[in-house]
Amino acid sequence: MKDFNQDQVETHFEKLLRPQLTWLYRISYRFTGNKADAEDLVQDLLVKLYPRRDELDSVANLRPWLVRVLYRLFLDNERRQKRSPLRLLKRRPKDDAEDPLEQFPASDPDPEQYTGGRILSERIEQALNMLCRDHRAIITLHDMEGYRLSELETLLEVPLGTLKSRLHRGRATLRKILEKDGTF
Amino acid sequence: MDCRITNHYMEDYLDDMLDDATRGRFQEHVERCPDCRNRLARGRELKNALNALPEPILDPDFAARAFKHAAAAHTWRRRIDTSKMMRIAASILVIVALGIVLKGGWGPGQLESPKAFVQLNQPEDVQLVFYSEENLENVTFRLEPPDGIELVGFENQREIVWQGNLARGDNLLVLPVIARNREGGSLVAEIRHGSRNKQFRLQLKVQQADHPHPGADRFDSSVAPMRFI
Ligand SMILES: [Zn+2]
């Protein structure tokens with residue numbers, strides 16, 4: 001009996017979210033820039049939402065709600081990765097600083113990778129990957145998914161001015177990268 | 001409106017964020033200024049190119065996998081939450097110090113294996129300490145967990161490779177690991193710099209979660225710093 005209920009719950013959860021999966025994956029892919037991380041992000045989202053499935057049921061407009069959760073999760077994951085196991089931490093001498101652990105800056109992407117006879121969309125994806133996460137997120141949601149800035153101000157809880165400056169700087173960086181490699 | 005002001009409003013114009021009056025003056029200028037027209041065209045070109053990116057294709061079996069995992073992860077988490085006390089006991093760090101003297105001391109040889117104890121199905125941090133005699137840049141790190149042991153956040157990856165730096169002195173690497181079965185095995189950590197490389201093997205022994213090894217013993221058995229020269 002318990003198993004039967006459990007099955008029903010899962011089916012219902014799946015029924016609600018399955019139609020959103022392609023769309024969630026697309027945004028996740030733009031956020032993260034690669035398949036593995038995009039799959040992980042969508043997976044993390046499902047894991048996070050599973051215990052909240054009753055709440056999910058009462059959400060009238062699912063997509064904006066999902067965008068908000070996905071965006072937060074993306075930022076959290078990025079933060080977690082910064083503390084990540086797989087970056088080497090430098091142990092500083094005791095007298096050096098209050099924080100005993102200092103992180104090494106992540107290595108820059110190799111500019112050599114961005115030249116050559118790639119097709120336009122590949123170049124643009126590469127250029128997107130070179131942006132910081134904030135710029136990538138706003139370009140994804142506004143320029144590609146069509147969310148208005150005023151809408152995103154509420155959804156992401158980021159002031160309009162900040163969103164605008166991220167968007168403008170992100171686009172400027174993209175153009176610079178694409179001009180440099182001769183795409184534009 | 002001059003070119004400078006037009007430029008200032010460019011992005012807002014593209015996003016349709018200008019009021020009617022400003023938009024009118026913007027358009028007026030653009031109509032008679034080839035430079036600004038050109039800039040506007042490039043702005044549109046970028047937006048169009050972004051919108052023309054091909055849709056990433058989701059693996060057909062991803063949905064089934066992901067929903068199944070979401071339900072399973074929840075069950076697993078709930079179980080962990082009920083054993084909070086146990087987790088506190090288990091959170092004693094297993095520290096393995098691997099001293100490596102990088103200058104001139106690099107050899108292909110296998111090194112003696114230090115041991116660390118982890119518990120079945122519980123995330124635990126294993127800390128590795130690498131000692132380097134000098135600052136080194138562009139060091140390649142490679143980790144290969146044994147079958148049945150996963151690195152949290154990198155599940156299902158049998159090999160993790162990344163680039164980083166080593167600082168002079170002790171360098172700490174924190175690895176959250178989780179044992180999925182009782183097999184254990186050696187975790188291979190390889191450090192490469194230029195043509196030199198050194199490989200370490202850390203023996204991971206898995207214990208039953210309900211029979212925790214006494215913390216002190218675990219600590220003692222694995223804390224001894226090891227220096228490889
Ligand atoms: Zn002009």
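Structure: above.
Please read all numbers here as calculations on a predicted model, not as lab measurements.

### Some details on the packing of helix 6 (residues 120-129) of chain A against helix 9 (residues 160-180) of chain A
Residue and element names in this part refer to chain A. Between helix 6 and helix 9, the least distance of the axes is 9 Å, while the angle of their chain directions is 130 degrees. As summarised for this structure, helix 6 and helix 9 are arranged oblique, according to the angle between their axes. The handedness of the crossing between helix 6 and helix 9 comes out as right-handed. In this structure, helix 6 uses R123, I124, A127 and L128 to contact helix 9, whose residues at the interface are L174, I177 and L178.

### What to know about helix 1 (residues 3-14) of chain B
At 3.6 residues per turn, the α-helix brings residues three or four places apart onto the same side. Taking 1.5 Å as the rise per residue, helix 1 of chain B with 12 residues should run 16 Å; its terminal C-alpha atoms sit 16 Å apart, in good agreement. Regarding helix 1 of chain B, the residues found buried are T6, M10, E11, D12, Y13 and L14 of chain B. Contacts made by the buried residues of helix 1 of chain B are with helix 9 of chain A together with helix 2 (20-32) and helix 3 (34-51) of chain B. One side-chain oxygen of the residue at the start of helix 1 of chain B lies 3.3 Å from the amide nitrogen of R4 of chain B, identifying that residue as D2 of chain B. Taken from the residues just after helix 1 of chain B, D16 of chain B is the one with a positive phi, measuring 60 degrees.

### Here's the deal with the coordination of the zinc ion
Residue and element names in this part refer to chain B. Only C3 (SG), H29 (NE2), C33 (SG) and C36 (SG) from the protein coordinate the zinc ion, and they sit 2.1 to 2.3 Å from it. Here the zinc ion binds 4 donor atoms, and the angle range of 100 to 117 degrees at the metal identifies the geometry as tetrahedral. Mapped onto the polypeptide sequence, the residues donating to the zinc ion form the spacing pattern C-x25-H-x3-C-x2-C. Judged by its relative accessible area of 4%, H29 is buried.

### Description of the side chain of T140 of chain B
Residue and element names in this part refer to chain B. In this structure, T140 sits in strand 4 (residues 136-144). When its relative accessible area of 11% is taken as the criterion, T140 is described as buried. If we skip the residues at most four places from it in the chain, T140 touches V161, W162, Q163, E190, I191 and R192.

Criteria and thresholds
Residues numbered from 1 in each chain as written. Chains lettered and ligands numbered in written order. Predicted model: local features only at pLDDT ≥ 70, side-chain atom pairs only at ≥ 80, totals over all residues. Heavy atoms only, no water. Axes fitted to C-alpha atoms, helices over the stretch in contact; angles between N-to-C directions. Helix = DSSP H or I, 4+ residues; strand = E, 2+ residues; numbered from the N terminus. Parallel < 35°, antiparallel > 145°, perpendicular 65-115°, else oblique. Left-handed = near helix turned anticlockwise from the far one by under 90°. Contact = heavy atoms within 4.5 Å. Expected span 1.5 Å × (residues − 1). Buried < 20%, exposed > 50% of the residue type's maximum accessible area, 1.4 Å probe, protein only. Polar contact = N/O pair within 3.5 Å; in protein donor to acceptor, adjacent residues only side chain to side chain. Donors = N, O, S within 2.8 Å, 3.2 Å for Na, K, Ca; no water. Tetrahedral: all angles 85-135°; square planar, octahedral: opposite > 155°, others 65-115°.

The values reported here are purely geometric and, on their own, carry no functional implication.
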